Each structure stands twice: as C-alpha cells, then as structure tokens.
Amino acid sequence: MTNSSLDFLDIEISNIFQENANVITSQNSNRKIAVFDADGTLWDRDMGEAFFRWLIAGKKLQNVDYSTDIYADYEQRVEQNRLLGYQHAIEIMAGIKLDDLAAWSYQFAASWPNYRNEVKMVIHWLKEQGFEIWIVTASNEWTIKQAAPFVGIEPEKVIGIKSEIIEGVISKDIIKPVTCNAGKVEAIEKIIGQKPVFAFGDSMGDFEMLNFCHQPLVIGEKRHIGSSILEQASSNKWPVWFF
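Residues numbered from 1 in each chain as written. Predicted model: local features only at pLDDT ≥ 70, side-chain atom pairs only at ≥ 80, totals over all residues. Heavy atoms only, no water.

S.K.: What should I look at first to understand the packing of aromatic side chains in this one?
M.R.: In this description, a pair of aromatic rings is defined by centroid distance and the angle of the planes. Using the criterion set out here, one finds 20 aromatic pairs in the structure. Ring geometry for Phe17 versus Phe198: centroids 5.4 Å apart, planes at 55°, classification tilted. You can see Phe17 sitting in helix 1 (residues 11-20) and its partner Phe198 sitting in strand 6 (residues 198-201), a full 181 residues away along the chain. Among the residues examined, Phe17 registers a relative accessible area of 0% and is labelled buried. The buried category is assigned to Phe198, whose relative accessible area is 0%. An aromatic cluster of at least three residues, connected via ring pairs, comprises Phe17, Phe36, Trp125, Phe131, Phe198, Phe200, Trp241 and Phe243. Note that Lys59 overlies the ring of Tyr66, its terminal NZ or CZ placed 5.7 Å from the centroid. (Phe/Tyr/Trp six-rings, centres within 6.5 Å; stacked < 30°, edge-to-face > 60°. Helix = DSSP H or I, 4+ residues; strand = E, 2+ residues; numbered from the N terminus. Buried < 20%, exposed > 50% of the residue type's maximum accessible area, 1.4 Å probe, protein only. Lys NZ or Arg CZ within 6 Å of the ring centre and 35° of its normal.)

Below, the structure is given as structure tokens:
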C-alpha cells in the first residue's frame, strides 16, 4: 500500500506509523508485532463491562445473589484492586456453558455500535506492512474473541482474562497471567514471544504494555482530558491519538 492510505490520520500520527513500520525488535526473528488493548481503544466504551451488565440484567449468572447490586460490588472491587476486580468478573461466570457464552457474545459484538473505523483502517494498513496484530485485554477473552473480526483481527490473536473450561463449562479457576497491568506484558512474553513494535492503549491498565513496546500510542478521548494515562503520555513524551 502507498503512504496515501494513511491520509485520514493527523500528519504527526501518520508519520509515527511510517517511521516505525520496518522496525524489528528481535535479532532472532523478522516478526513485526502490534498489540492493541480492546475497550476504549479498538472501540469506544467498554464492551466487556457492558456485556457483564447484560449478563446480570438477563440473570444469566448462576452463582450470584440477585437481591444484591452485583455490578456495584464489581465496581467497588475494581476500585480497590483493579486486577482482582477484573478477575472476579470472570469467576462469577462459573457454571455457564462456554458455547452459550460464545453465542451471546457474538450477538452482543455484532450489535455493538462503537467500533472505531479509523482504528480498523490502521489495522488493515499494518497487516499490509507485514505486522501480526494481537489484542491484549483485561476483559473476558471469550467475548473479545467474538468482537475481534469486526475490527479485522483473528480470534486466535486475542489474549484476555479467562478460566479453565471443564466439560464445556466455565469454571472459577483463573488461568494466569491475568492480563491487567504487568500481566499484559507477562502474557505478551509468554504467548506472543516478542517485544511489540507498536502498542495501543487508553488507560493506566495499559501502562506497562505501552512502556514495554518500541513505540507506544496512547488512545485519548477528548471527553477525558486530564486522565491519568494522558498525564503519563505527557510525562513520557508518548504520542496521543485523539478521538
């Protein structure tokens, strides 16, 4: 593809892609890797949390007390400890058949209105330059696998929080690493096996992943000016791609 394929981008962001498109981060491999956070990065809003609310509203969760505010409890847990809160959201899905969750997730992803077309176009451009594109997310892996094709990424290139599947049923046994903060870097090293050229993220849950890669790009939302990740971007002189 020609350089004109990125003409829809701000010139500063376009130049960053052009200047780093041929970077190789390993002496032992010619692979080029780009990793994306999911919620708030590939699409606006948080699909993982929206789907979690949908599960609660439809009383799909099997091991919870519906007389309590399940989502408020989740939010409180996340505020106290982001990793344990996200992990809890997976643990209380225990008892659901994986096939059912995948079917519900596909319907949810297919109806999601907030995919970012410009990000999808960049993913296409990166693929044309020979990049492997991965998603590393703190949402449940099963739902994001269903959403990935809608932005041009293969489901097998999704790494998220998940638990063991026992006889086709989701269990409480969380599989490590938990892909939040430093766990994202651990998952990249363990599963992808190479330092990324590009990493994209929109929150402090992506900080370690952004810091680990060759060229971080922070996804900034104009309604969240002053957020912690934008402050870090300013301090570290990381470019910000605003939406």
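Still more ground to cover, so stick around.
S.K.: Which parts of the structure should I look at to understand the pattern of salt bridges?
M.R.: Opposite charge on two side chains permits pairing when their charged atoms draw close. Tallied over the full model, the rule gives 10 salt bridges. The salt bridge involving Asp44 is made with Arg45; its shortest N-O contact spans 3.6 Å. The partner of Lys162 in a salt bridge is Glu141, with the nearest N and O atoms 3.3 Å apart. With Lys162 in the loop between strand 3 (158-161) and strand 4 (163-166) and Glu141 in helix 7 (residues 141-147), the pair connects residues that are 21 residues apart, well separated along the chain. Glu141 sits in the buried class, given a relative accessible area of 5%. Sharing partners across several salt bridges, the network here consists of Asp44, Arg45, Arg116 and Glu221. (Salt bridge = Lys/Arg side-chain N within 4 Å of Asp/Glu carboxyl O.)

S.K.: Just checking my understanding: could you explain the layout of surface pockets for this structure?
M.R.: Rolled over the atoms, a probe sized like a water molecule indicates the empty space that remains. Its volume calculated, the largest pocket comes out at about 690 Å³. Lining the largest pocket are 33 residues, with Asp39, Asp46, Tyr86, Asp202 and Ser203 sitting closest to its centre. Only helix 2 (47-57), helix 4 (82-91), strand 2 (131-140), strand 7 (215-220) and helix 10 (228-236) provide two or more residues apiece to the lining of the largest pocket. The class makeup of the residues in the lining of the largest pocket is 11 nonpolar, 11 polar and 11 charged. (1 Å grid on protein atoms, 1.4 Å probe; cavity = no way out; pocket = protein on both sides within 12 Å on 5 of 7 lines; lining within 4 Å. Points joined across faces, edges and corners; volume = space filled by probe spheres on them. Nonpolar A, V, L, I, M, F, W, Y, C, P; charged D, E, K, R; others polar.)

Bear in mind that shape data such as this cannot, by itself, settle questions of function.
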